[in-house]
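# Coordinates in review
Chain by chain, the residues run as shown.
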Amino acid sequence: MLGNGNTTSKVVFVAFGLILGYSLSLLQNFNTTVNILPTASHDVPLRSSLDDSFRSPVLYRPPQIPQGKEQTLQEKDGPRKILLDCGANVASTVQLFRETYPDGRNYIIHSFELDVRLAPYFASYSNHVLHCPVAVAGEDGNITAYAESAWKPDKGAVAGKDMQWGGGAIYASESEKQGEIHGRRFGVKNVIPMVDLSTWIQENTALEDYVIFKLDVEGAEYEILEKMVKEGTFRWVDKFYGEFHDSFPIPGWSVQRKQQLRSTLNSQGIKMLDWAGEYKKYQDMEELHKVEIPEGTPGAAGVVYSNCATGGPARLALTVQLGMGRKAAHKLVETIRAHPSNMPVTLFVYGDFVQDFPDLVMKWAVRFTIGIRENAPFPADHWVLQNADVMRMSLVSAVQRMREVGIRPAYYYPDGLSDRVKDTAKNRGLRIIQPTTKFPPNLGKLEL
Ligand SMILES: *[C@@H]1O[C@H](CO)[C@@H](O)[C@H](O)[C@H]1NC(C)=O
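The sections below set out a description of the structure shown in this document. None of these values were measured; they are calculated from a predicted model. (Residues numbered from 1 in each chain as written. Predicted model: local features only at pLDDT ≥ 70, side-chain atom pairs only at ≥ 80, totals over all residues.)

### Re the overall build of the protein chain
Our working definition: The numbering of helices and of strands both runs from the N terminus, where a helix is a DSSP run of H or I of at least 4 residues and a strand a run of E of at least 2. Counts of 20 or more other C-beta atoms within 10 Å of a residue's own C-beta define buried residues, counts of 12 or fewer define exposed ones, and intermediate counts define partly exposed ones; C-beta atoms are placed from the backbone.
For the protein chain, the helix and strand inventory stands at twelve helices and 19 strands. When burial is assessed residue by residue, the protein chain has 37% of its 448 residues classed as buried.

### Brief notes about the sheet that holds strand S3 (residues 107-112)
Which entries qualify depends on this criterion: Any two strands are treated as partners once DSSP identifies two or more bridges connecting them.
Taken in spatial order, the seven strands make up an open sheet running S4-S3-S2-S9-S10-S11-S12, and their pairing is mixed. Unpaired on one side and paired on the other, strand S4 (128-131) and strand S12 (281-282) mark the two borders of the sheet. Examined bridge by bridge, strand S2 (residues 81-86) and strand S9 (residues 210-215) share six bridges and lie parallel to one another. Counterpart to Asp85 in the pairing with S9 is Lys214.

### Concerning the pairing of S2
For clarity, the threshold we go by: With its strands directed away from the observer, a crossover is right-handed exactly when the path from the first strand over the helix to the second travels clockwise.
Extensive coverage of S2 is indicated by the burial of five of its six residues. Viewed along the sheet, the connection from S2 through helix H3 (residues 92-100) into S3 turns out right-handed.

### As for the nonpolar core
Under the convention used in this document: The nonpolar core criterion groups buried Ala, Val, Leu, Ile, Met, Phe, Trp, Tyr and Cys residues into a set whenever they are joined through C-beta atoms within 7 Å. Segmentation into domains, and thus their bounds, comes from an automatic or database assignment. Any residue pair is listed as a contact if its two C-beta atoms, each placed from the backbone, are within 7 Å.
By size, the foremost hydrophobic cluster in this structure holds 94 residues, and its most contacted members are Ala135, Val136, Leu347 and Val349. Looking at this core element by element, the count peaks at seven residues for helix H11 (residues 388-403). Lining this core are residues from two domains, each supplying at least three of them: domain 1 (5-40 + 294-439) and domain 2 (70-287). Beyond its immediate sequence surroundings of up to four residues, Ala135 is in contact with Leu114, Ile143, Ala145, Ile170, Ile192, Met194 and Ala220.

### What about the sheet that holds strand S7 (residues 168-169)?
Taking strand neighbours across the sheet as the criterion, the four strands line up as S5-S8-S6-S7 in an open arrangement whose pairing is mixed. Only two strands of the sheet have a single partner each, and these edge strands are strand S5 (135-137) and S7. The pairing of strand S6 (residues 141-148) with strand S8 (residues 186-196) spans eight bridges and is classified as antiparallel. In the strand pairing of S8, Tyr146 is matched with Lys189.

### A short note on helix H8 (residues 326-338)
Put simply, the test is: Multiplying one less than the number of residues by 1.5 Å gives the expected span of a helix. Directions from the helix axis toward the C-beta atoms define the arc.
For H8, with 13 residues, the first-to-last C-alpha span of 18 Å sits near the 18 Å given by 1.5 Å per residue. Burial in H8 covers these residues: Ala329, Leu332, Val333 and Ile336. The buried residues of H8 occupy an angular sector of 95 degrees when the element is viewed end-on, so they sit on one face. Those residues of H8 that are exposed and aimed more than 90 degrees away from the buried face are Lys327, Glu334 and Ala338.

### Regarding unusual backbone geometry
In the segment running from Cys132 into Pro133, the intervening peptide bond is cis, with an omega of 5 degrees. With respect to the element layout, Pro133 can be found in the loop between S4 and S5. Positive phi, normally seen in glycine, also occurs at Asn89, with a value near 50 degrees. The residue Asn89 is located in the loop between S2 and H3 in this model. Its identity as a non-glycine residue notwithstanding, Asp103 has a phi of 60 degrees, on the positive side. According to the C-beta neighbour criterion, Asp103 is exposed, with 10 such atoms within 10 Å.

### What about helix H6 (residues 255-267)?
In this model, H6 (13 residues) spans 18 Å end to end at C-alpha, consistent with the 18 Å of a helix rising 1.5 Å per residue. For H6, a buried count of zero out of 13 residues is recorded, marking the element as mostly open to its surroundings. Where H6 ends, the next residue or the one after it, Gly269, has phi of about 70 degrees, a positive value.

Here is the structure:
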């Protein structure tokens, strides 16, 4: 549909009268917007004190993979994809991995966490095995684990910051063992089981499996890695992410011994990539998520488009923000499809929607251009408040969900605009769409 300014706006209203007259009374949870665009053709706060007694590990679920049966499993099901999430904290790694890692949902995730109070954070994830409270270590047995106490107004800062890192450790300094007034503010002490990780990996994964090993365990890494090197356990590992904790006191580990271990890892070609679940990033995140915008896509990355003043004739396009459930979205899209105008239409869809309803979105993609919103709806006005790493995770996730159904999105309709939003979109190659006019209006009231 072509037209100059005046006729365009008339056409806009005519088109909208038809579509929205039909569904006006149903409009609640979404905006339909119009613009003129270049369009692509196509704690639980338990009482915490150092006197907390040993809690029986009721939440500990033993590994579900039968030991000693690896070979049989392989013959039957083929190699598995496995993530070993050691030092799982508040499920920040599970979240980041499932949101962004290529094919992340097809990995069985084993999370090891020593603080039993953190177990509920994992409850929503499927294809997941939680070992909690369990400390990964260089040997089996029991050990005293220290964990951060719950926040209270006079808790004090950690290294100058009012930081709730929610973490625990099996190695603490003498002053930290005195209670929550020092260092990492450990106020909770429990005796928990240790698992010899090197042996566990050999017994519970197969050489043929694709195993990603993430290790962030506050100093326990030295004993674990030394044993893994000695026993050749890195043959079971395909990719290794982690963090060394040089400053924590580990009994028996001098600076020299730590350095020696690192150079042994280097000389054996065992490379550790950075992983920081709490900061929503990992070392090869950009490499694994290269920008892939279809060739010939109009516009430039990070630029806001709300009209197509490109010199040629104006084109009318319909930009539809879909933020409702499946039923209402289906109804709206099929109504638009049936309209005889056949105008270019771009449907902007959240990442979680395409994850839940892939067939619907794939069907839409045959007729409509599919753009992205965020990975999921945020509470009103919260999107622009997020930091750059959360924004990146969200857009990487939304793009990844689309790619899983064969769509390479180029357009993004942000839930709020700021320089940070624009920069994040630019880094992902996304063109930002803002409508010329919107329906329903987001000011005033809808009643006639
Ligand atoms: C660990 O402690 C539990 C509970 O007190 C006990 O039943 C178990 O035998 C201990 N395990 C080892 C290896 O010491």
